[in-house]
Amino acid sequence: MAVYILDDKCVGCSACLKVCPFGAVEIADKKARLLDNCTGCGACAESCKFDAIVVEDNRQAEVDLSLYKGVWVIAEHSGGRLRSVSLELLGEGRKLADKIGQDLCAVLLGGDLGDLAQELAYHGAEKVYIVQEPRLAHYQTGPYTDIISNLITTYKPNIVLIGATNQGRDLASRIAARIHTGLTADCTELDINEEGLLAQTRPAFGGNIMATILCPYHRPQMSTVRPKVFKQALRDTTRNCEMVPVDSCLNGKCMLCDLLEVIKEAGQGVNLEEAEIIVSGGRGLGKPENFSLIRDLAEALGGAVGASRATVDAGWISAIHQVGQTGKTVQPKIYIACGISGAIQHLAGMQSSDTIIAINKDPDAPIFKVAHYGIVGDLLELLPALVKQLKRTAV
Amino acid sequence: MNIIVCIKQVPDTTDVKINPETNTLIRDGVKSIVNPFDANALEAALQLKEAAGAKVTAVTMGPPQAMDILREAVAMGADDAVLVSDRAFAGADTLATAYTLAMAIRKIGDYDLIIGGKQAIDGDTAQVGPGIAEQLGIPQITYARRMEMDDDMLLVERMLEDGYEVMKTALPALVTVVKQINEPRYPSLRGLLAAKKKEIPVWNAMDIGADEKRIGLTGSPTKVVRIFTPQRNTRAVMLEGEPEKTVETLAEVITKLSV
Amino acid sequence: MNALIGGVVRVNFNLSEEQQMIMEMVREYADGVLKPKAREVDERGEMPWDNIRQMAEMDLMGIPIPESYGGAGLDFTTWAMVGEEVSRACTTTGAVFGADMLCLYPIYFFGTEEQKKKYLVPLAKGEVVGAFGLTEPNAGSDAGNVKTKAEDAGDHYILNGSKVFITNAGDAQVYVVIANMDVNKGARGLTAFIVEKGMPGFEIGKNEKKMAYNSLPNRELIFTDCKVPKENLLGKEKRGFRVAMETLGVGRIGMGIGAVGLAQAAFDEALAYSKVRVQFGKPISTFELVQAMLADMATEIEAARLLVLRAAFMKDQGVPYEKEAAMAKLFASEVAMRTTTKAVQIHGGYGYTKEYTVERLMREAKLFEIVEGTSEIQRLVIANHLLR
């Protein structure tokens, strides 16, 4: 496969240059030319009004793709409970399975699985492959890869969905490399296209662009999906399900590393500069005690607590929380400014955050000028309600 | 001990901006840098070298200009570097990239430890490291936040969402590291001047004995069919109405954004 | 950066490939490490050893010293360019960096092979820091009036007296000290010695509380029957005035470039602020009176930089540069003062608060018009050259 530019058709209009996400097009002598960093994505071909860009794809399937059926979800669990991402994958997997008219199955590995298989069934799995064996109590790349790769080779699923957790990303890439198929990381949107292929959409380039990716000639089509992207499947205890226990066939060789211990750490103070979510409080909180509202919200979101200079100066909170000119410069995914008016020195420290949400009782507060979402209202009422709402929706 | 560090040249994505009018990427002035996590990987290798003695070789797959980051690696203290570059590698997805790097690593040969960053900031896939380990048939430990030699075994703290686990592995093995593991050093003047003079070999597909069906676009199972820039709001969306309703909407917004 | 052809400086403003690489790295380091903690460094009240150690690891502490003595084997022009970046990002670290050379350079230039091996190597490697002791309570601009006495006591020298405002003192391990072997002869009695911290009879006095540079050590050196070994005589007896003057030449380049870095920092702050500060519904950078200030600041900084780099280049070429160095130091320090004052002005009320860096830069700028030859002394030096 390659991308070519037909010089006789190219007029040097530079439309392709503008759309190329990789900066891999240059215009020389009024003709477009592809540079070495071209990835062959074909974005340029789409933009060309003169049919001067040809995308040639001579890849083809080497196996009978029609043998591969079913949507699989690799379940992940911790402390005797399924991780919410697994239930989300079942929710999305259900939609995909229905669109292609195939079964939704789950794969469950572990030491002592309790009623987790049943839970998967309640959330829509029509079949659960169960591998129970003490040595699988904690995730380890070697045995998990061996077992799931064998299952895939044996049962030939069409689509495999895995949570984009540290475990899931470690596992999925190893499996994909073992069975030699495509894997798309961190999908935010999944769909079935007109050819019946899984259309996987994911952010790239630090979230600056989105890419839709197919895996046309290899099976299964594998994706990892970040937690909280999709809605969880609804629990329904009347659902029927086929339970398929599978022998682990573990041999000593597959334990590649020794797992010595697993240490759980309670949410420690999050580093402001590295936090993905920051909830910041300002003088609008009224009094120092109300910073607990900020802490509660930060905790509910797994984020860090920030503060305006005014609250730090007033001694409401320690200076390590200060965001702004004299404090830290932060760039989280979400910055929630609560009761912060948005003085220029505060904005200097946070305005390049991906998304800014401002809550303030003054509709004219300058913070709304930089915010992406704004709410005019009373913090003391809104914040506790928000924490409650977030806890209700999270599992 | 021989350590191979896999590094990648990436655009500094924090510099990338979107032109709000055309909704396209503004690439002017965007610097090419060593993938930050790979800088941590290199630092980890250099620290092992300082502690126990090792030869550190940096390897990258990329266009000819990726030579810059190899020189930077040498300036920081890598003993050797290899550029794996061929027009035929263009368009490789993570599987084809992992294959290509694995072939290059085989050619370097005699490795004990391979270190890479947990992921590259332009692709964010975290798939190439494990892909290389699989191709080479060696153990992998991803998301390492601490690493040290314990006799001839490697002790690693692997980061989890809610804590960490302590792993021990025999060598050879592949480790990917997170930012927390260290603070990468800056090159020294002497290193910089030495790096300028350093002969760095360039290996093409034939040099590494790559199967042409497994490299570049041809060797990539995945296919990018569409690239677009997400629409962005430039003005604040004001959530109005009853507090309960507002809170509900806001919770949804936050949940969606936090993925 | 320039070329000397037939004894005349031919201007060539291109950096060498090496310099380009070095500057790219130093700029990244300055912006990535030094600048983010500059405020904290100023507040901590002690020498920024963390920065100095890091810079030593990067081979930045002995740039113009040959590699055989632990340096990087580059030139003073490169040293100056690096100094600007360091000073721009962290004025305190820049000052330590500059003052250190006042100890390295005279040892390199006047020292014996033994002295270089013993003292210069660790200094150039940045393992230790140095200081230069000339100024006394009654010998500031009047350097010839040094009263610290040195006596030949047979197998050693005995030093008595004190020095004030000595930068890096206390933290430094090696001191080049100018003392007088014949007070009646004034400048012609001056003699230079290498004194080590911890030598009997050598004490470090209190740190000065200053208008700015809270974390930069400026202490007294107190000599009470201090025994200095014979082999620590630097240069020849009663030829110390030349040591002092040579050293001050380098000092002028160092102070000049430090001032340029500081001015650049203030300008950068002012420019950025003018773009985001909105008054009358528009960023203040759209107002012509503000634009005029910005244009003047940028122009003056550029001129100051060129003067300093030319002086450094002339030094590298081995041609007399005293007048040029004096001009550079004079102009650059006054530009720093003017630029910081304007930067505060552009910041308005906020600029007068501790919230913004420019108020600190303005206080710091004043130092440059005073140390290592006040502006008045520089003018005298220049005039002397003109009227020769």
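Residues numbered from 1 in each chain as written. Chains lettered and ligands numbered in written order. Predicted model: local features only at pLDDT ≥ 70, side-chain atom pairs only at ≥ 80, totals over all residues. Heavy atoms only, no water.

J.: Whenever I open this one, the domain arrangement of chain A confuses me. Can you help?
T.: The parts lose accessible area when they come together, and the size of an interface is often stated as this lost area. Splitting chain A by domain gives domain 1 (2-56), domain 2 (65-245) and domain 3 (277-394). Relative placement of domain 1 of chain A and domain 2 of chain A: their C-alpha centres are 37 Å apart. (Domains from an automatic or database assignment.)

J.: Which parts of the structure should I look at to understand the interface of chain A and chain C?
T.: With 5 residues of chain A in contact, the opposing surface of chain C contributes 9 residues. Taken together, both faces of the contact between chain A and chain C bury some 680 Å²; the carbon and sulfur share is 52%. Sorting the residues of chain A by area buried against chain C places Q325, T326 and I344 of chain A first, and these three jointly supply 71% of that buried surface. The tally of links from chain A across to chain C stands at 1 salt bridge. Two residues, R309 of chain A and E355 of chain C, come together in a salt bridge whose shortest N-O distance is 2.5 Å. Remark: the boundary between chain A and chain C carries 1 residue pair in polar contact (both at pLDDT 80 or more). Looking at the side of chain A that touches chain C residue by residue, the class counts come to 1 nonpolar, 3 polar and 1 charged. (Contact = heavy atoms within 4.5 Å. Buried area = accessible area lost by both parts, 1.4 Å probe. Salt bridge = Lys/Arg side-chain N within 4 Å of Asp/Glu carboxyl O. Polar contact = N/O pair within 3.5 Å; in protein donor to acceptor, adjacent residues only side chain to side chain. Nonpolar A, V, L, I, M, F, W, Y, C, P; charged D, E, K, R; others polar.)

J.: When you look at the packing of helix α5 (residues 91-110) of chain C against helix α6 (residues 113-124) of chain C in this model, what are you seeing that I'm missing?
T.: When two helices pack together, their arrangement is given by the angle between the helix axes and by the axis-to-axis distance. All names here are of chain C. At their nearest, the axes of α5 and α6 sit 10 Å apart, and the two run at 150° to each other. Between α5 and α6, the angle is such that the two are roughly antiparallel. Crossing geometry of α5 relative to α6 is assigned as left-handed. Counted together, D100, C103, L104, I107 and Y108 of α5 and Q115, K116, Y119, L120, L123 and A124 of α6 form the full contact between these two elements. Its residues assigned to classes, the contact of α5 with α6 shows 8 nonpolar, 1 polar and 2 charged. (Axes fitted to C-alpha atoms, helices over the stretch in contact; angles between N-to-C directions. Helix = DSSP H or I, 4+ residues; strand = E, 2+ residues; numbered from the N terminus. Parallel < 35°, antiparallel > 145°, perpendicular 65-115°, else oblique. Left-handed = near helix turned anticlockwise from the far one by under 90°.)

J.: Hey, could you run me through the packing of aromatic side chains in this one?
T.: Each aromatic ring pair is described using two quantities: the centre-to-centre distance and the angle formed by the ring planes. What the rule picks out here adds up to 15 aromatic pairs over all chains. Note on W72 of chain A and Y129 of chain A: the rings are 4.9 Å apart at their centroids and 45° apart in plane angle, and the pair reads as tilted. On the criterion of sequence distance, the pair formed by W72 of chain A in strand β5 (residues 71-74) and Y129 of chain A in strand β9 (residues 127-132) is long-range, its members being 57 residues apart. Looking at W72 of chain A, the relative accessible area reads 1%, which means it is buried. A centroid spacing of 5.0 Å and a plane angle of 70° characterise the contact between F109 of chain C and F110 of chain C, whose relative ring orientation is edge-to-face. Feature note: the residues F76, W79, F97, Y105, F109 and F110 of chain C constitute an aromatic cluster, connected by ring pairs. Over the aromatic face of Y164 of chain B sits the side chain of R145 of chain B, whose NZ or CZ is 3.9 Å from the ring centroid. Over the face of the ring belonging to F76 of chain C we find K315 of chain C, whose NZ or CZ atom lies 5.2 Å from the ring centre. (Phe/Tyr/Trp six-rings, centres within 6.5 Å; stacked < 30°, edge-to-face > 60°. Buried < 20%, exposed > 50% of the residue type's maximum accessible area, 1.4 Å probe, protein only. Lys NZ or Arg CZ within 6 Å of the ring centre and 35° of its normal.)

J.: So what exactly am I meant to see when it comes to unusual backbone geometry here?
T.: It is generally the case that most residues other than glycine have a negative phi and that most peptide bonds are trans. Residue P220 of chain A follows R219 of chain A across a cis peptide bond; omega there is -5°. Topologically, P220 of chain A is positioned in the loop between β14 (209-214) and β15 (221-225). The amide bond that connects L171 of chain B to the next residue, P172 of chain B, takes the cis arrangement and shows omega of 0°. As for its position among the elements, P172 of chain B is in the loop between β11 (163-170) and β12 (173-177). Unlike most non-glycine residues, D110 of chain B shows phi in positive territory, near 50°. Tracing the sequence through the fold places D110 of chain B in the loop between α3 (94-108) and β8 (113-117).

J.: Just checking my understanding: could you explain the nonpolar core for this structure?
T.: Ranked by size, the top nonpolar core spans 167 residues in total, and within it I107, L159 and V195 of chain C carry the most contacts. The residues contacting I107 of chain C, other than those within four sequence positions of it, are Q115, K116, Y119, L120, L123, V174, V176, I194 and L234 of chain C. In this structure, F291, I317, L382 and L390 of chain A belong to the second largest nonpolar core, which totals 33 residues. (Core = buried A, V, L, I, M, F, W, Y, C linked by side-chain atoms within 4.5 Å.)

J.: When you look at the sheet that holds strand β17 (residues 257-264) of chain A in this model, what are you seeing that I'm missing?
T.: The strands making up a sheet are joined through hydrogen bonds of the backbone, oriented either antiparallel or parallel. Reading across the sheet, the 10 strands line up as β17(A)-β11(B)-β10(B)-β9(B)-β12(B)-β8(B)-β1(B)-β6(B)-β7(B)-β13(B) and stay open at both edges, with mixed pairing between neighbours. Looking at strand neighbours, the two that pair on one side only are β17 of chain A together with β13 (202-203) of chain B, the edges of this open sheet. Strand direction decides the pairing type here: strand β6 (residues 55-61) of chain B and strand β7 (residues 80-84) of chain B, joined by 5 bridges, are parallel. Its bridge partner lying in β7 of chain B, A58 of chain B is registered against A81 of chain B. (Pairing = 2+ DSSP bridges.)

J.: Whenever I open this one, the pairing of strand β20 (residues 334-338) of chain A confuses me. Can you help?
T.: A regular strand places its side chains on the two faces of the sheet in alternate fashion. All names here are of chain A. Of all 5 residues in β20, 5 are buried, a share of seventy percent or more. Taking every second residue as pointing to the same face, both faces of β20 are buried, with I334, I336 and C338 on one and Y335 and A337 on the other. Once the chain exits β20 it traverses helix α9 (residues 344-350) before rejoining the sheet at strand β21 (residues 355-360), and the crossover so formed is right-handed. (Right-handed = clockwise from strand over helix to strand, strands pointing away.)

J.: Please explain the side chain of E324 of chain C as it appears in this structure.
T.: Residue and element names in this part refer to chain C. Structurally, E324 is set in helix α9 (residues 322-351). The exposure class assigned to E324 is buried, which follows from its relative accessible area of 12%. Setting aside chain neighbours within four positions, we find E324 in contact with R310, A311 and M314.

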